[in-house]
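Coordinates in review
Next come the chains, spelled out residue by residue.
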Amino acid sequence: MDRTYNKHEKLKSKKLIDKLFTEGQSVSAYPFRMVYMETSPDDADTPIKTGVSVSKKYFKKAVDRIRIKRLMREAYRLNKTTYFNNITTSYAFMILYIGSSKPTYIQVEQSMNKLFKKFTNTTFKETSNEKIT
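Summary of the structure given here. Keep in mind the model is a prediction, meaning the values are calculated, not measured.

For the rest of this paragraph, the subject is helix 2 (residues 62–84). For helix 2, built from 23 residues, the straight-helix expectation of 33 Å at 1.5 Å per residue is met to within 8% by its first-to-last C-alpha distance of 31 Å. At leucine 78, helix 2 is deflected by roughly 40°, the largest bend along its length. Buried within helix 2 we find Asp64, Arg65, Ile68, Leu71, Met72, Ala75, Tyr76, Asn79, Lys80, Thr81, Tyr83 and Phe84.

Here's what the structure looks like:
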């Protein structure tokens, strides 16, 4: 997995996004919440589809929302190889910013790392429990 965030890696399907929010599971590391779901491996090249979102409720100005989204995408792009390089199943992610203040890049990157660690711990714990039972 390389350090890019191409068009193929972006979560764009309305059906998949709706299904993700109705059937998906979530994990949180303030100020982020990630909703994830295992998907069918349609694309062998892209095992992970990711989207980012910032609430209009807390950030009225589009400039602020876009800035936070850019920071989130950059933190995801730089850290995805660390956590998802050896992943075997396909996933769809939606990363939501649930904080109410404007973050710096360092805060975003640290929180994103916590979120990914939490995700890998929960998914590997779930798969190991399924193998045991």
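Picking up where we left off.
The topology assignment puts arginine 67 in helix 2. Separated by 58 residues in sequence, arginine 67 and lysine 125 place their C-alpha atoms 34 Å apart.

On to the pattern of salt bridges. Enumeration over the complete set of coordinates arrives at four salt bridges. Residue lysine 102 is joined to aspartate 64 by a salt bridge in which the shortest nitrogen-to-oxygen separation is 3.4 Å. On the criterion of sequence distance, the pair formed by lysine 102 in the loop between strand 4 (90–97) and helix 3 (105–132) and aspartate 64 in helix 2 is long-range, its members being 38 residues apart. Aspartate 64 gets classed as buried once you look at its relative accessible area, which sits at 17%.

Calculation criteria
- Residues numbered from 1 in each chain as written.
- Predicted model: local features only at pLDDT ≥ 70, side-chain atom pairs only at ≥ 80, totals over all residues.
- Heavy atoms only, no water.
- Helix = DSSP H or I, 4+ residues; strand = E, 2+ residues; numbered from the N terminus.
- Expected span 1.5 Å × (residues − 1).
- Bend = angle between axes of the 7 residues up to and from the residue.
- Buried < 20%, exposed > 50% of the residue type's maximum accessible area, 1.4 Å probe, protein only.
- Salt bridge = Lys/Arg side-chain N within 4 Å of Asp/Glu carboxyl O.

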